[in-house]
Amino acid sequence: MTESQSERRRRWINLGETIALAALIVSALGVWIAWQSSHEEKPTRVVEQHQAIPLTLRGSADRDGGALTISPVESGHALESMRVTIKGASPIEVGSDGRLQASDVQAALKDRPKEIKDRTYSVPVRIDARYVEMGADRRGGGNYVLRYRWEGGGLFGGRSVRLVGLSR
């Protein structure tokens, strides 16, 4: 049983029509599903979302080194309170003004060995802070390096700490 040329062509046309009809049905089903799901959803509202920025601090020493003012790098952060911890010492509570006094650091460093005066030293510190960002209370902080130096301490005078700076 041999097919003629026209019968073969008719068979291919029927196969092509069947594939096209199946594609049309799948497309119609997709359109119907999309139309049904669009009725269930409420209108989409596009709102600009601001991402929270992690707290990063910077420190600037007073002219004489008697205090270090610690402030957020980001202007949108407002400090509420801060705690500075030097390993082996009790934590130093700092207010919302961010002023760390050299006398508090000197009390925390009392167990350090006699260090040479007029030389800058570094000590790792942990800073934990509470701050406000975009109206929400947040907590942050991290590990920093506090730089200081000893001054004074002659034959009859006592030594005192002078703060130099704060870095990450």
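Just so you know, these numbers come straight off a predicted model, no measurement behind them.

1. Brief notes about the pattern of salt bridges
Taken as a whole, this structure holds seven salt bridges when the rule is applied. Residue Arg 99 is joined to Asp 62 by a salt bridge in which the shortest nitrogen-to-oxygen separation is 2.8 Å. Here the residue Arg 99 occupies a position in strand 5 (residues 99-101), and Asp 62 occupies one in the loop between strand 1 (57-61) and strand 2 (67-72), the gap between them amounting to 37 residues. For Asp 62, a relative accessible area of 25% translates into the label partly exposed. Through salt bridges with shared partners, a single ionic network connects Arg 149, Glu 151 and Arg 162.

2. Observations regarding the packing of aromatic side chains
On inspection of all chains with the given rule, the structure shows two aromatic pairs. Judged by centre distance (6.4 Å) and plane angle (85°), the rings of Tyr 148 and Trp 150 are edge-to-face. By the burial criterion, Tyr 148 is buried, and Trp 150 matches it. Grouping aromatic residues by their ring pairs yields a cluster made of Tyr 121, Tyr 148 and Trp 150. Residue placement shows Arg 168 over the ring face of Tyr 144; its charged tip is 4.7 Å from the ring centre.

3. Side note on the nonpolar core
Core analysis: the biggest nonpolar cluster contains 28 residues, and Leu 100, Val 105, Val 125, Ile 127, Leu 146 and Leu 163 have the highest contact counts within it. Elements represented by at least two residues in this core include exactly strand 2, strand 3 (77-86), strand 4 (92-94), helix 2 (102-108), strand 6 (120-133), strand 7 (136-152) and strand 8 (159-167). Each residue touching Val 125, except ones within four places of it in the same chain, is listed here: Val 84, Thr 85, Ile 86, Gly 142, Asn 143, Tyr 144, Leu 146 and Leu 166.

4. Re the sheet that holds strand 5
Strand order across the open sheet formed by eight strands is 4-3-6-7-8-1-2-5, with antiparallel pairing between neighbours. The sheet terminates laterally at strand 4 and strand 5, the two strands that pair on one side only. Taken pair by pair, the neighbouring strands of this sheet meet at an average axis angle of 30°, ignoring direction. In this sheet, strand 8 lies alongside strand 1 in antiparallel orientation, the contact comprising two bridges. Paired with Gly 59 across the strands is Leu 166, a residue of strand 8.

5. Observations regarding the pairing of strand 7
Of the pairings in the sheet, the one linking strand 6 to strand 7 comprises 14 bridges and is antiparallel in character. Note that in strand 7 the partner of Tyr 121 across the bridge is Tyr 148. Between the antiparallel neighbours strand 6 and strand 7 lie two residues, among them Met 134 with a positive phi of about 50°. Two strands pair when backbone bridges link them, and strand 7 and strand 8 are joined in this way by eight bridges, in the antiparallel orientation. Directly across from Val 145, in strand 8, lies its bridge partner Ser 167.

Scoring rules and cut-offs
- Residues numbered from 1 in each chain as written.
- Predicted model: local features only at pLDDT ≥ 70, side-chain atom pairs only at ≥ 80, totals over all residues.
- Heavy atoms only, no water.
- Salt bridge = Lys/Arg side-chain N within 4 Å of Asp/Glu carboxyl O.
- Helix = DSSP H or I, 4+ residues; strand = E, 2+ residues; numbered from the N terminus.
- Buried < 20%, exposed > 50% of the residue type's maximum accessible area, 1.4 Å probe, protein only.
- Phe/Tyr/Trp six-rings, centres within 6.5 Å; stacked < 30°, edge-to-face > 60°.
- Lys NZ or Arg CZ within 6 Å of the ring centre and 35° of its normal.
- Core = buried A, V, L, I, M, F, W, Y, C linked by side-chain atoms within 4.5 Å.
- Contact = heavy atoms within 4.5 Å.
- Pairing = 2+ DSSP bridges.
- Axes fitted to C-alpha atoms, helices over the stretch in contact; angles between N-to-C directions.

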